[in-house]
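Close look at the chain arrangement
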Amino acid sequence: MITLRVASFFALSVDRRQRWRQASLILGGFAAGLAVLAAVGLMHAGKIASDHSAARSPAVALSSTDDVRLLMSARAITIEGFGQVPVHWLQPVAGHDNDPLSIPPGLTRLPGPGEAVLSPGLLRAGISAGDLGLRTSQAGNRADGSIGDAGLISRSEGFVYARPPTNRSLGEGGALIPLVGYTPSQASVPVELNPDVLLFPAAALGALWMLLIPAGYLLFGCARASSPVRERRANLLWRLGVSTGRIRRLVAVESALLVAAGVTAALVVWLTVGSHATSFPLNSSELLPGAFRPPVWCSLLAGLAVILLAAIVSASARVVPRPTRVSGRRFTSLHLLPLILALIAMAISPLISGDLGLAVLFGGLLLSLLALPAVIPMLASALAHRMSGRSRPTTWLAGKRLALRAGNVSRPAVVTAALVFMAGSAFALFDGLLTAPGEFIPDGPRSVWSVNWRDSKVDDVAAIRAQAPDEVIVGAVSGEATNGLDGIPTSLGSVSFPSCEALRAFMDDAELACDGSGNLFGYQTQVGPAASDTYEVLVGAPRGTDEMDVVQLFEGLPAVNPSQLMGPTNLMDPGALWVRTGWAAAAGLLVVATVREIGDRTITSLQSQSRMLRAGLTTREARATDLIASLTPIAISIPVGYVCAVLFALRGYGRGLTGFNLSALSVVCLLVGSSAALLIVAIHAWQQRSDDQVI
């Protein structure tokens, strides 16, 4: 009880010299608390999305004894703003039209023949079933007939259920999937292509990477905020005989009280406003109602965790005096070990297949961020010993000071390294998700698709050509692929055009051979009628034609499946938008942490400059010494963060996950790092002018 009363007195001190620490703990508790609560909300939203995804993943019939209720053909259409949109073609087996297990979540019944049920996100974007060559169904359980929330992972996603027309079916064989129905099963059809919200594994990773770790950097710095008053109180209590353990408890309770004020404010904002959010800045995705709102007890536990962590970190700081001739924390090469292990993990990740390789890559990323607080001071300490051998007095003294207090002096640099690494890695991931899906589709003078469908009829190609405008050329594919002696395909078959003019117009190439010796995308070209068994065509359209326009040519055909071969594409991964939003949140937290650490350095710089002046240095020498000691760790942190970011981008590129534009990545990292350095110089200059005005 006495500890609480004394700690309350310390926390509520009106001494002006204590205000920086008070403001740091309260505002830091608010910002870190809100970030942790948002991380919990994001993981809750990811869990909801994963549960809904599992519910709409139908169970596959694996044996002849399974009761097959549906046949399914899973297709996809690329739509601008959505990426690849899943289109599930369903055909009920006789007698199972109204079977509850045949009806997907979010629907009241199966769509009728030739009908399609769209997600509300597609309808809001102005896309209708008619754009897919089908009629609109009212089978969804929303008022407008679209898919209900139970069958969605977000309100903004693109998703379609369709059914073949009356005179068509999904045919037999091939990629036709027999389904037991929409019921929990170990053998289910994966339905997600590029979801526009984060499923639980990605949500947990994003929360840890872009919210929890940056919030930890901020909270750790705030918990160790500089305060001459606190240091003098601790020294006085120690001289009066109060045990070190008791002093640590006082510091912990004082910090907990101040952080609790900020966390309480964060909880109020979260419970009244934040947890009800369904959309976010820099992101077009819309969550399901309530997805971002975890149970209240989860939010309270998260807030309590922030308070306890701040108290523990505050109590772990030095609270009793020690001789100035004794160096601070000693750094050895062992402090490099976590970063070395992290870099090795990222380097070898492309050699590991599947999800395990991704886990190793991102594990290395997270470990790198966690290792920086040990690595930067260690490298700064090593460089300081070399500086101590310089003949220039200010450099020599800055080296001595840095060697003595590398941990404290390097704290702004640690956050700067994290900021550089975060900026570079997030940029690489954003670039990869935005451009990598379409990276292997070559550009050209025309846009070209390969399109196939099921249950083909003799006159299908003629019907497609009849609907195509003059500038769109359709070539009919037939025949089987042939392989060379090395097993590599020498031809995928043949593609026939109605005339030589059509063949040449297909690629806008007047010199294209019409004698059967030409080759288009692996198909041997020929002029003549389409084969009777054709179920695939090549469609050549003016450059920039939208894939939706191509799909409309196949009205009335079941399970249309377009695949772009050439030209500009709308392929993208909506996850890029979440990376952009997450990077904005992480950057905000780390920028605040950087400014706060620089504020700490300003306070300690005033104290150190005063001691150097008493030791006989001139004002100019004292200021130069302090600036060199502050900028040296920054000069180390920028290359360290840059190397980590480049390695992540390079190895992620090997897995098709990140982009690797080295020049753009370098510019991003350099801008972030140099901004931190310029901020230190600007604050140093401002401090110098303020001192001169006082003098």
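Residues numbered from 1 in each chain as written. Predicted model: local features only at pLDDT ≥ 70, side-chain atom pairs only at ≥ 80, totals over all residues. Heavy atoms only, no water.

1. Observations regarding the overall build of the protein
Within the protein one finds 18 helices and 16 strands. For the protein, buried positions account for 52% of its 695 residues. Of all intrachain contacts in the protein linking residues separated by at least 6 positions in sequence, the fraction that spans at least 24 positions is 80%. (Helix = DSSP H or I, 4+ residues; strand = E, 2+ residues; numbered from the N terminus. Buried < 20%, exposed > 50% of the residue type's maximum accessible area, 1.4 Å probe, protein only. Contact = heavy atoms within 4.5 Å.)

2. As for the sheet that holds strand E2 (residues 70-79)
Consider a sheet: its strands pair through backbone hydrogen bonds, and that pairing is either parallel or antiparallel. Spatially, seven strands are ordered E1-E7-E2-E3-E6-E4-E5 in an open sheet, and the strand pairing comes out mixed. Every interior strand has two partners, whereas the edge strands, strand E1 (59-60) and strand E5 (135-136), have only one. The pairing of strand E4 (residues 115-118) with E5 spans two bridges and is classified as parallel. Paired with Glu115 across the bridge in E5 is Arg135. (Pairing = 2+ DSSP bridges.)

3. Some words on the pairing of E2
Within E2, eight of the ten residues are buried, which leaves the element mostly enclosed by the surrounding structure. Bridge count for E2 against strand E3 (residues 83-92) is ten bridges, and the pairing is antiparallel. Its bridge partner lying in E3, Thr78 is registered against Gln84. Hairpin connection of E2 to E3: three residues between the antiparallel strands, including Gly81 at a positive phi of 90°. One ladder, built from three bridges, connects E2 with strand E7 (residues 177-181); its direction is antiparallel. Bridge assignment links Leu71 to a residue of E7, and that residue is Pro178.

4. Points about the pattern of salt bridges
Under the counting rule described, the total for this entry stands at 15 salt bridges. Asp67 is the salt-bridge partner of Arg69, the closest N and O atoms lying 3.6 Å from each other. Since its relative accessible area comes to 12%, Arg69 is described here as buried. Among the ionic pairs, Asp144 bridges to Arg142, the shortest N-O distance being 4.0 Å. Using a relative accessible area of 38% as the deciding quantity, one classes Asp144 as partly exposed. Owing to a relative accessible area of 27%, Arg142 belongs among the partly exposed residues under this scheme. Via salt bridges that share partners, Arg142, Asp144, Asp149 and Arg155 belong to a single interconnected network. (Salt bridge = Lys/Arg side-chain N within 4 Å of Asp/Glu carboxyl O.)

5. Points about the sheet that holds strand E14 (residues 523-527)
Read from one edge to the other, the open sheet built from seven strands follows the order E13-E14-E12-E9-E15-E8-E16, with strand pairing classed as mixed. At either margin of the open sheet sits one strand with a lone partner, and together these are strand E13 (519-520) and strand E16 (561-566). Both strand E9 (residues 473-478) and strand E12 (residues 494-497) contribute to a ladder of three bridges, which runs antiparallel. Directly across from Ala476, in E12, lies its bridge partner Ser496. Where helix H13 (residues 460-467) meets the sheet, its contacts fall on E9, E12 and strand E15 (536-542), and the angle it forms with E9 comes to roughly 165°. (Axes fitted to C-alpha atoms, helices over the stretch in contact; angles between N-to-C directions.)

6. Thoughts on the packing of helix H2 (residues 19-55) against helix H6 (residues 244-272)
When two helices pack together, you describe them by how their axes are tilted relative to each other and by the distance separating the axes. Taken N-terminus to C-terminus, the directions of H2 and H6 make an angle of 50°; their axes are 7 Å apart at the nearest point. The angle between H2 and H6 falls in the class oblique. The hand of the H2/H6 crossing is right-handed. Class assignment of the residues belonging to the contact of H2 with H6 gives a composition of 16 nonpolar, six polar and two charged. (Parallel < 35°, antiparallel > 145°, perpendicular 65-115°, else oblique. Left-handed = near helix turned anticlockwise from the far one by under 90°. Nonpolar A, V, L, I, M, F, W, Y, C, P; charged D, E, K, R; others polar.)

7. Focus: a nonpolar patch on the surface
Taken together, Leu337, Ile340, Leu341, Ile344, Ile348, Leu351, Leu367 and Leu370 make up a surface patch of nonpolar side chains, about 740 Å² in accessible area. Broken down by element, the nonpolar patch gets its largest block of residues, five residues, from helix H8 (residues 337-348). One can find Ile344 in helix H8. (Patch = residues over 30% accessible without salt bridge, like charges linked within 9 Å, V, L, I, M, F, W, Y side chains within 5 Å. Areas by Shrake-Rupley, 256 points an atom, 1.4 Å probe, with all protein chains shown as cover.)

8. Notes on unusual backbone geometry
Comment: phi is negative for the bulk of residues other than glycine, and the bulk of peptide bonds are trans. A positive phi angle, close to 55°, is found at Phe521, a residue other than glycine. Locating Phe521 in the fold gives a position in the loop between E13 and E14.

9. Topic: the environment of Val472
With respect to the helices and strands, Val472 occurs in the loop between H13 and E9. With relative accessibility at 12%, the residue Val472 sits in the buried group. Between the alpha carbons of Val472 and Phe506 there is a distance of 7.6 Å; along the sequence they are 34 residues apart. Beyond its immediate chain neighbours, meaning those up to four positions away, Val472 contacts Val539, Gly540, Ala541, Pro542 and Leu553.

10. What to know about H8
Along an α-helix, a turn takes 3.6 residues, which lines up residues three or four apart on a common side. Taking 1.5 Å per residue as the helical rise, H8 with its twelve residues ought to reach 16 Å, and the 17 Å between its terminal C-alpha atoms agrees with that figure. Residues Leu339, Ala342, Ala345 and Met346 constitute the buried set of H8. Each buried residue of H8 lies within a common arc of 120° when the element is viewed along its axis, so the set occupies one face. (Expected span 1.5 Å × (residues − 1). Arc of directions from axis to C-beta.)

11. Focus on the confidence of the model for the protein
Scored by pLDDT, the protein comes out at a mean of 84, with 84% of its residues at no less than 70. Mean pLDDT values for the elements of the protein range from 56 in strand E10 (residues 482-483) up to 96 in strand E6 (residues 160-162). (pLDDT = per-residue confidence, 0-100.)

12. Details of the nonpolar core
Leu42, Trp209, Tyr217, Leu287 and Leu369 are the most contacted members of the largest nonpolar core, which has 114 residues in total. At 14 residues, helix H12 (residues 411-435) tops the list of elements feeding residues into this core. Once residues within four sequence positions are removed from consideration, Leu287 is found in contact with Ala45, Arg155, Val197, Ala277, Thr278, Phe280, Phe292 and Trp578. If you look at the next biggest cluster of nonpolar residues, it comprises 20 residues, including Phe82, Ala116, Ala129 and Leu176. (Core = buried A, V, L, I, M, F, W, Y, C linked by side-chain atoms within 4.5 Å.)

13. Overview of the pairing of strand E8 (residues 446-452)
Extensive coverage of E8 is indicated by the burial of seven of its seven residues. Neither face of E8 is open: one carries Arg446, Val448, Ser450 and Asn452, the other Ser447, Trp449 and Val451, and all of them are buried. Alignment of E8 against E15, held across seven bridges, turns out to be antiparallel. Looking at E15, one finds that Arg446 is bridged to Pro542.

14. Overview of the packing of aromatic side chains
Under the counting rule described, the total for this entry stands at nine aromatic pairs. Measuring from ring centre to ring centre gives 5.9 Å for Trp453 and Phe554, while their planes differ by 55°; the resulting arrangement is tilted. Here Phe554 lies in the loop between helix H15 (547-551) and E16 and Trp453 lies in the loop between E8 and H13, a separation of 101 residues in the sequence. Each member of the pair, Trp453 as well as Phe554, carries the same accessibility label: buried. Members of the aromatic cluster, connected to one another through ring pairs, are Trp270, Phe280, Phe292 and Trp578. (Phe/Tyr/Trp six-rings, centres within 6.5 Å; stacked < 30°, edge-to-face > 60°.)

15. Thoughts on the packing of helix H4 (residues 200-223) against H12
Where H4 meets H12, the closest approach of the two axes is 11 Å, and the angle between their N-to-C directions is 170°. Accordingly, the angle class assigned to the pair H4 and H12 is roughly antiparallel. Every residue of H12 that contacts H4 at Trp209, Met210, Pro214, Tyr217 and Gly221 is listed here: Arg411, Val414, Val415, Ala418, Met422, Ser425, Ala426 and Leu429.

16. Comments concerning the environment of Gly112
Tracing the sequence through the fold places Gly112 in the loop between E3 and E4. The exposure class assigned to Gly112 is buried, which follows from its relative accessible area of 14%. Residues Gly112 and Gln91, spaced 21 residues apart in sequence, show a C-alpha to C-alpha distance of 9.9 Å.

17. As for the side chain of Glu536
Among the structural elements, Glu536 can be located in strand E15. One buried charged residue, Glu536, remains without a salt bridge, the closest side chain of opposite sign being Arg75 at 9.8 Å. A polar side-chain atom of Glu536 sits 2.5 Å from a polar atom in the side chain of Ser450. Here Tyr523 takes part through its side chain, which lies 3.2 Å from a polar atom of the side chain of Glu536. If near-sequence neighbours (up to four positions away) are discounted, Glu536 is found in contact with Ser450, Val451, Asn452, Trp453, Gly475, Ala476, Val477 and Tyr523. (Lys, Arg positive; Asp, Glu negative; His and termini not counted. Polar contact = N/O pair within 3.5 Å; in protein donor to acceptor, adjacent residues only side chain to side chain.)

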